[in-house]
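Secondary and tertiary structure notes
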Amino acid sequence: THKYCRTHLKHKNIIRDENSEIIFQRATAAIECVLKSDVSEICSFSKPPPAVNMVISALMITLRGHKLDWKSCRTALTHTERFFSEMVTFSPDVLTHPRFRELERYVENSLF
């Protein structure tokens, strides 16, 4: 599946670099920069700005396999230890074709 994911991402121009491992390592490093206070700030929004909503929606599709409404996203985010664990242990191998299709509308959005 990992080979399929890489091929699909390259085909859809989601990965522009030939070395997906470098991209995955960069993403992992970026995750390590996220603080609990950052997540708390996101949770403080009763109605998030559109950009925040878009990113969190894409993140939940990636991690959980489906879009969540904002209330459910906030609930997921408030369980910070579990949320951080999900991000750190995430494997791109779980990205199935239906998930890619759902994520495409976010990735293809110029504001994303």
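That block above? That's the structure.
Now for a look at the structure at hand. (Residues numbered from 1 in each chain as written. Predicted model: local features only at pLDDT ≥ 70, side-chain atom pairs only at ≥ 80, totals over all residues. Heavy atoms only, no water.)

1. Overview of the nonpolar core
In summary, soluble globular proteins display a tendency toward joint burial of nonpolar side chains. To keep it simple, the criterion reads: Here, the term nonpolar core denotes a set of buried Ala, Val, Leu, Ile, Met, Phe, Trp, Tyr and Cys residues that are joined through side-chain atoms within 4.5 Å. Per-residue accessibility, obtained with a 1.4 Å probe over protein chains only, is compared with the maximum for each type, and a residue is labelled buried under 20%, exposed over 50%, and partly exposed between these values. Each helix is a run of DSSP H or I of at least 4 residues and each strand a run of E of at least 2, with the numbering of both proceeding from the N terminus. Here, two residues are considered to be in contact whenever any of their heavy atoms come within 4.5 Å of each other.
Counting 21 residues, the largest nonpolar core has Val 39, Ile 56, Met 60, Cys 73, Leu 77 and Phe 83 as the members making the most contacts within it. Listing elements by their share of this core, those giving two or more residues are helix H3 (36-43), helix H4 (50-64), helix H5 (70-78), helix H6 (80-89) and helix H7 (97-107). The element that contributes the greatest number of residues to this core is H4, accounting for six residues. With residues near it in sequence (within four places) discarded, Cys 73 still touches Ile 56, Met 60 and Leu 68.

2. Considering the environment of Glu 86
Cut-off, in case you're wondering: Definition of a polar contact: a pair of N or O atoms within 3.5 Å, with one able to donate and the other able to accept a hydrogen when the atoms are protein atoms, and with sequence-neighbouring residues admitted only if both atoms are side-chain atoms.
Position of Glu 86 relative to the elements: it lies in helix H6. Residue Glu 86 is classed as buried on the basis of its relative accessible area, which comes to 17%. When residues no more than four places from it in sequence are discounted, the contact partners of Glu 86 are Leu 63 and Arg 64. Polar side-chain contacts of Glu 86 include one of 2.7 Å to the side chain of Arg 64.

3. Concerning H5
Defined as follows: Throughout, the arc means that of the directions going from the helix axis to the C-beta atoms.
When we look at burial in H5, the residues that qualify are Trp 70, Cys 73, Ala 76 and Leu 77. The buried residues of H5 all sit within an arc of 120° when viewed along its axis, so they share a single face. Of the surrounding elements, those touching the buried residues of H5 are H3, H4 and H6.

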